[in-house]
Amino acid sequence: MSSHLPYHRPRILLLSAYDAGSHQRWREQLVASQPDFHWEVLALPPRFFRWRIRGNALTWLQEPALKAVYDLLIVTSMVDLASLKGFHPHLARTPTILYMHENQFAYPDSGRQHSSAEPKIVNLYSAVAADQVLFNSAWNRDSFLEGAYRFLEKMPDGLPDGLISSIREKSHVVPVPIEDRLFLERRESCNAQCPHLLWNHRWEYDKAPDRLSLLLDALVKAGQDFRLSVVGEQFRNQPEAFNLIHERHWARIVNWGYLKSRADYDRLLAEADVAISTALHDFQGLSVLEAMAAGCMALAPDRLAYPEYVPATQRYASHADDPATEADAAAGLLRQLLQRPPEPCMPQAWRLSELQKKYYKVISATLGQLTVS
């Protein structure tokens, strides 16, 4: 009989309080890519945003899984970590990683929602309560730290010294990975005469479909032919710009709306020539990264997280307050790129096979087994 003790896989509780598409994908990918740990996962459906971000700790108050003991907690940015640890005192000293898919300080105002400090407070308190804070992009990290600093500056008194600095010191950038299977070698070059343009984002105001409409109009005015696919998650209420785009460019449309089949979507990524973003808000930009991995040329504004992976030559001038000027800049840059299409720029550092090693290192460090660098 062996005298060795059985191997103990560290027990990790993973909590996703608003399990939207990218959050679900991230947690499933994380669990699947880290078999050295024993995972327990709890997730709440992505609806009733205001209640979900403020009430998740209450929703989980009587959850049996939270009565158990764990070696590590990993929670998403929607989790009210401070309340969770207060409601479950035995978890208060459990090492914790907070994963920031987004931050409430950098969300643009849609004009439809009642302004509230509550979501920002949840983000801030969770960052204070966590041992490590991971962001999916440097822009997400920097906008959070700057936004939290400005937010606290408005408070009248009672602020602790060095709060933002202490969060910065325990913050790291570890993106949501792109699956290796999506990285493709292109056999056919870009169709410069009539490129297949792809806009693959959520159909919401913050992805700025009105700017896409202006960009397409500018291309038509300049005499540039194109084919068009506008795909992405759709909602009951969507900006009027989509109707305008369909009405003006229906003869050029290849795909329109949400593609239910992942295989069909992957095929589209491999067939399109140019992946376009017009976003005013994107904390990482998975849709652009996936398209680039599949060999698409990216065309994105020079803002948000895009400078972290889109080549400077493929970023058009950002005019956040002047959509028409920005559309002209985007159309001009695209026509220039089509004259001599660049070689595909693969975001190799965002590969799952690369990032899973980084996740393992951060998890092990938080467990006390390694040093985070």
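What counts, and where the lines are drawn
- Residues numbered from 1 in each chain as written.
- Predicted model: local features only at pLDDT ≥ 70, side-chain atom pairs only at ≥ 80, totals over all residues.
- Heavy atoms only, no water.
- Pairing = 2+ DSSP bridges.
- Helix = DSSP H or I, 4+ residues; strand = E, 2+ residues; numbered from the N terminus.
- Axes fitted to C-alpha atoms, helices over the stretch in contact; angles between N-to-C directions.
- 1 Å grid on protein atoms, 1.4 Å probe; cavity = no way out; pocket = protein on both sides within 12 Å on 5 of 7 lines; lining within 4 Å.
- Points joined across faces, edges and corners; volume = space filled by probe spheres on them.
- Phe/Tyr/Trp six-rings, centres within 6.5 Å; stacked < 30°, edge-to-face > 60°.
- Buried < 20%, exposed > 50% of the residue type's maximum accessible area, 1.4 Å probe, protein only.
- Salt bridge = Lys/Arg side-chain N within 4 Å of Asp/Glu carboxyl O.

(A) A look at the sheet that holds strand β2 (residues 38–43). Read from one edge to the other, the open sheet built from six strands follows the order β2-β1-β3-β4-β5-β6, with strand pairing classed as parallel. With partners counted over all chains shown, the strands left at the sheet margins are β2 and β6 (171–173), one partner each. When the angles between neighbouring strand axes are averaged without regard to direction, this sheet yields 20°. Both strand β1 (residues 11–16) and β2 contribute to a ladder of six bridges, which runs parallel. When the sheet's bridge partners are listed, leucine 14 is paired in β2 with valine 41.

(B) Focus on the layout of surface pockets. The space that makes up the second largest pocket amounts to roughly 670 Å³. Around the second largest pocket, the lining comprises 28 residues; the ones closest to its centre are Arg186, Glu188, Ser189, Ala270 and Asp273. The set of elements that each furnish at least two residues to the lining of the second largest pocket consists of β9 (253–257) and α9 (262–271). Sort the elements by how many residues they give to the lining of the second largest pocket and α9 lands first, with four residues.

(C) A look at the packing of aromatic side chains. One pass over the structure, following the stated rule, counts 14 aromatic pairs. Between tyrosine 18 and phenylalanine 49, the ring centres sit 5.9 Å apart and the planes meet at 85°, which makes this aromatic pair edge-to-face. Pair noted here: tyrosine 18 is in the loop between β1 and α1 (21–33) and phenylalanine 49 is in helix α2 (residues 49–59), with a separation of 31 residues, a long-range link. When the ring of phenylalanine 37 is compared with that of tyrosine 360, the centres are 5.6 Å apart and the planes differ by 35°; the resulting orientation is tilted. Of this pair, phenylalanine 37 sits in the loop between α1 and β2 while tyrosine 360 sits in helix α12 (residues 352–366), placing them 323 residues apart in sequence. For tyrosine 360, a relative accessible area of 32% translates into the label partly exposed.

(D) Layout of the pattern of salt bridges. Within the structure shown, the criterion is met by 21 salt bridges. Residues aspartate 264 and arginine 267 are paired through a salt bridge, measuring 2.7 Å at the closest nitrogen-oxygen approach. In this pair, aspartate 264 and arginine 267 both sit in helix α9, three residues apart, roughly one turn of the helix. By relative accessible area, arginine 267 is classed as partly exposed at 45%. For glutamate 354, the salt bridge is made with lysine 357, and the minimal N-O distance between the two is 3.7 Å. With glutamate 354 and lysine 357 both in helix α12 and three residues apart, this pair spans about one turn of that helix. Connected via shared salt-bridge partners are Arg25, Glu179, Arg181, Arg262, Asp266 and Glu290.

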